[in-house]
Amino acid sequence: INALTSAYPNDVRVVFMHYPLSFHQQAMPSAIASQCANLQGKFWEFHDKLFANQSGLGPDLLLSTAKELGLDTAKFTACMADPATKAFVDADMKAGEAAGVEGTPSFFLNGVPTSAGVPTPEQVKALL
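Presented here is a report on the structure given in the accompanying data block. (Residues numbered from 1 in each chain as written. Predicted model: local features only at pLDDT ≥ 70, side-chain atom pairs only at ≥ 80, totals over all residues. Heavy atoms only, no water.)

Some remarks on a nonpolar patch on the surface
A surface patch of nonpolar side chains, about 420 Å² in accessible area, is lined by Ile1, Val14, Phe16, Trp44 and Val118. Residue placement: Phe16 occurs in the loop between helix 1 (2–7) and helix 2 (27–39). Since its relative accessible area comes to 35%, Phe16 is described here as partly exposed. (Patch = residues over 30% accessible without salt bridge, like charges linked within 9 Å, V, L, I, M, F, W, Y side chains within 5 Å. Areas by Shrake-Rupley, 256 points an atom, 1.4 Å probe, with all protein chains shown as cover. Salt bridge = Lys/Arg side-chain N within 4 Å of Asp/Glu carboxyl O. Helix = DSSP H or I, 4+ residues; strand = E, 2+ residues; numbered from the N terminus. Buried < 20%, exposed > 50% of the residue type's maximum accessible area, 1.4 Å probe, protein only.)

Quick look at the structure:
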């Protein structure tokens, strides 16, 4: 993704939408937590740390990551408990379902799903 946005800074925009898979017990709490990090301007940093520590996902990792990134933990904890945050994630999931998302990660270029995995710079260039 970074290579694509670097190669096409004026043409590629990344939009992240939550799509926590139901069979993954920590997916929904992690999605909610990353949205809470997003509200404090630290989405990608939080996202990257969770992906680097997938085997340790759980409440302790979510809170320790928030602390490590310097988030206001009182706001973070309140956000995690706020039903509006889960509703935000649920809305992303509904949009994904409507678009035909069946798994993660999923990528769309100009609204068209890519064949598999992260699109290559060549695939993006063909669409530009």
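Text resumes after the structure shown.
Let's talk about the environment of Val14
Mapped onto the secondary structure, Val14 falls in the loop between helix 1 and helix 2. By relative accessible area, which is 40% here, Val14 ends up partly exposed. With 61 residues separating them in the primary sequence, Val14 and Lys75 have C-alpha atoms 26 Å apart. Leaving out residues up to four positions away in the same chain, Val14 has contacts with Ile1, Thr5 and Trp44. (Contact = heavy atoms within 4.5 Å.)

Quick look at the pattern of salt bridges
Overall, the coordinates contain 2 salt bridges when judged by the stated rule. Across the pair Glu68 and Lys49 runs a salt bridge whose closest N-O atoms are separated by 2.8 Å. Pair noted here: Glu68 is in helix 4 (residues 59–68) and Lys49 is in helix 3 (residues 43–52), with a separation of 19 residues, a long-range link. A relative accessible area of 28% places Lys49 in the partly exposed class.

Some details on helix 4
By the burial criterion, the buried members of helix 4 are Leu61, Leu62, Thr65 and Ala66. All buried residues of helix 4 fall inside an arc of 135° around its axis, so they share one side. Those residues of helix 4 that are exposed and aimed more than 90 degrees away from the buried face are Pro59, Asp60, Lys67 and Glu68. Packed against the buried residues of helix 4 are helix 2, helix 3 and helix 5 (73–81). (Arc of directions from axis to C-beta.)

Let's talk about the state of the cysteines
Put plainly, two cysteines are in a disulfide when a covalent bond ties their sulfur atoms together. Following the criterion strictly, the structure yields 1 disulfide and no others. Covalent S-S linkage joins Cys36 and Cys79, the inter-sulfur distance amounting to 2.2 Å. The sign of the -90° torsion about the S-S bond sets the Cys36-Cys79 disulfide as left-handed. One end of the pair, Cys36, is in helix 2; the other, Cys79, is in helix 5, and 43 residues separate them in sequence. (Disulfide = S-S within 2.5 Å.)

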